[in-house]
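# An overview of the molecular structure
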Amino acid sequence: MNKCPSCGSSAVAKQAIAKKAGAAIGGVSGVLRGLSATSIGASIVLITSSPTGGLTTTIGRLASAITAAFVSGAAGCIAGAKIGTVIDHYVFDAYQCNQCNCSFRMHLPTTPLPVQRTFEASQED
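Note that the coordinates shown come from a computational prediction; the quantities given were computed from them, not determined experimentally. (Residues numbered from 1 in each chain as written. Predicted model: local features only at pLDDT ≥ 70, side-chain atom pairs only at ≥ 80, totals over all residues. Heavy atoms only, no water.)

### Details of a nonpolar patch on the surface
- On the surface, Ile17, Ile83, Val86, Ile87, Tyr90, Val91 and Phe92 cluster together to form a nonpolar patch covering roughly 640 Å² of accessible area.
- In terms of residues, the nonpolar patch owes the most to one element, helix H2 (residues 54-92), which gives 6 residues.
- By the element assignment, Ile87 lies in helix H2.
- Overall, the relative accessible area of 34% leaves Ile87 in the partly exposed class. (Patch = residues over 30% accessible without salt bridge, like charges linked within 9 Å, V, L, I, M, F, W, Y side chains within 5 Å. Areas by Shrake-Rupley, 256 points an atom, 1.4 Å probe, with all protein chains shown as cover. Salt bridge = Lys/Arg side-chain N within 4 Å of Asp/Glu carboxyl O. Helix = DSSP H or I, 4+ residues; strand = E, 2+ residues; numbered from the N terminus. Buried < 20%, exposed > 50% of the residue type's maximum accessible area, 1.4 Å probe, protein only.)

### As for the confidence of the model for the chain
- When pLDDT is averaged along the chain, the result is 78, and 71% of the positions lie at 70 or above.
- Within the chain, H2 carries the highest mean pLDDT (86), whereas strand E3 (residues 103-105) carries the lowest (80). (pLDDT = per-residue confidence, 0-100.)

### Concerning the nonpolar core
- The biggest cluster of nonpolar side chains holds 5 residues, and these are Cys4, Val12, Tyr95, Cys97 and Phe104.
- Beyond its immediate sequence surroundings of up to four residues, Phe104 is in contact with Lys3, Cys4, Pro5, Val12, Asp93, Ala94, Tyr95, Gln96 and Cys97. (Core = buried A, V, L, I, M, F, W, Y, C linked by side-chain atoms within 4.5 Å. Contact = heavy atoms within 4.5 Å.)

### Quick word on the environment of Ile83
- As for its placement among the helices and strands, Ile83 is situated in helix H2.
- Along the chain, Ile83 and Ala23 lie 60 residues apart, while their C-alpha atoms are 8.7 Å from each other.

If you want it as structure tokens, here you go:
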């Protein structure tokens, strides 16, 4: 259990610095990627289709662009948040006390992670 070094309270919350930034960056880049993919697809359709598309084709393309932007944006946001959570754990590890608003970092243990070793079977002649 984490305790505040200033007041000793156990009411501390982890500051998700990289998670928030990763979610924002991933969401924006996902939306832009979705719109880019839709515009490329729309230009291919314009080249290969007849010019008599009408209003329904325009509405369909607009709906496709909006859907692609939402789906890609959501996927980018989720991926960015997951990567940010890992970065928060291993790099920032920042906490804030809810009682005295003190911000502090927890130090990770200095013991190295266990390494799995694979041994080759010895060949007998």
